Amino acid sequence: MAEITGDQQVQSEVLEGLATAVNHRRWFAELAEPYLGSNPIEIGSGLGDYALEWAPHTARFTATEADPDRLVALKDRLAGHNDIEVRQLLLPSDIDGAYTAAVSYNVLEHIEDDRRALQSMGRLVRPGGAVIIIVPAFPFAMSPVDIATGHVRRYTIRSLARVMQRADLRVERINYTNALGLIGYYMATSVFRLTPKEGAMVKFYDKLVLPATKAVETRVRPPFGQSVFAVARRPR
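Along each chain, the written sequence defines residue order, and numbers are assigned to residues from 1. Totals for whole chains, interfaces and linings use every residue, but because this is a predicted model, local features are given only for residues with pLDDT of at least 70 and side-chain atom pairs only at 80 or more, for both listing and counting. Heavy atoms from the whole structure form the basis of all side-chain values; hydrogens and water molecules are not counted.

Looking at this structure, how should I read the overall build of the chain?
Only DSSP runs of H or I with at least four residues qualify as helices, and only runs of E with at least two residues qualify as strands; both kinds are numbered from the N terminus onward. Along its length, the chain carries 9 helices and 7 strands. As a reference, a globule follows 2.2 Å times the number of residues to the power 0.38, and the radius of gyration itself is taken over C-alpha atoms. Its C-alpha radius of gyration of 17 Å places the chain within 12% of the 18 Å reference for a compact globule of 236 residues. Considered along the principal axes of its C-alpha atoms, the chain spans approximately 45 × 35 × 35 Å. Here the chain holds 236 residues, and the buried ones make up 52% of them. Buried means the residue's accessible area, taken with a 1.4 Å probe over protein chains only, is under 20% of the maximum for its type, while exposed means over 50%, and partly exposed covers the values in between.

This is the structure in structure tokens:
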């Protein structure tokens, strides 16, 4: 079983900071919604924020966590949501499933063997099911925050597409997203050496910068971005 890497305290601070970025979360949740189907599984649900966004659009939703302490917190957070199942899952694994989709946001960059992790996600979905991924973009933006939180790599469109194809998945859509977010993240974490956690910086970005970025990128896909968004299919 693979080791869970990264400073758990820094990871928690980043997760809690992102939890306050409501507009960011809703935008990224919307990207996946058309591909989820009726019975998806999320790999690495963290605090459960995306699970709560997606579950109303599905008949049944499965949230997972690898870290035992976070799993307990996740179960507490989602208690009472009878349409959401919570289970422990650490990739890579040999578990087979028949979910309509496997969705994983900002998890793959933590896993050393990303090809095997993607193969595991492919086995979790039924033939034709979607594997939906968001990962941080561009190696040059690798910062002390990335390293502290256990990031093994950052991706480009080409590198993510390549590893998806090596994992026997058929790439259906892949693009950069959140162009202004990349500039802000690089300046904050690499130039000023800040950690993106709850505070005025995150609130300013989420309320003022993010809506403008989303409005533009709804019409035009940018040539760069803070993240790579991809949808691939398990072959039928």
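This is not the end of the story, as more comes after the structure.
Hey, could you run me through the side chain of E42 in this one?
Within the element layout of this structure, E42 appears in strand β1 (residues 41-42). The side chain of E42 sits in the buried core without any salt bridge; R25 is the nearest counter-charge, 9.8 Å away. Contact between two residues is taken to exist if any of their heavy atoms lie within 4.5 Å; hydrogens are not considered. E42 has contacts with Y50, A51, W54, F61, T62, A63, T64 and V103, leaving out every residue within four places of it along the chain. We score Asp and Glu as negative and Lys and Arg as positive, and we do not count His or the chain ends. For this document, the term salt bridge refers to a Lys or Arg side-chain nitrogen within 4 Å of an Asp or Glu carboxyl oxygen.

Even after reading the chapter, I still don't get helix α9 (residues 200-217), so can you show me in this structure?
The periodicity of an α-helix, 3.6 residues per turn, causes residues three or four positions apart to be oriented the same way. An expected span of 1.5 Å times one less than the residue number is assigned to each helix. Along its 18 residues, α9 runs 24 Å from first to last C-alpha, staying within 8% of the 26 Å computed at 1.5 Å per residue. Think of it this way: the bend at a residue is just the angle between two axes, each fitted to seven residues, one set ending at that residue and the other starting at it. Largest kink in α9: about 40 degrees, centred on V209, with the proline P211 one to four residues after it. Regarding α9, the residues found buried are V202, Y205, D206, L210, T213 and E217.

Whenever I open this one, the sheet that holds strand β7 (residues 227-233) confuses me. Can you help?
Strands are treated as partners if at least two bridges between them are detected by DSSP. Taking strand neighbours across the sheet as the criterion, the 7 strands line up as β3-β2-β1-β4-β5-β7-β6 in an open arrangement whose pairing is mixed. Since the sheet does not close on itself, it has two edges, and those belong to β3 (84-88) and β6 (170-177), each with one partner. In this sheet, β7 lies alongside β6 in antiparallel orientation, the contact comprising 7 bridges. Along β7, the bridge assignment pairs N175 with F229.

Read these as geometric descriptors, not functional statements.
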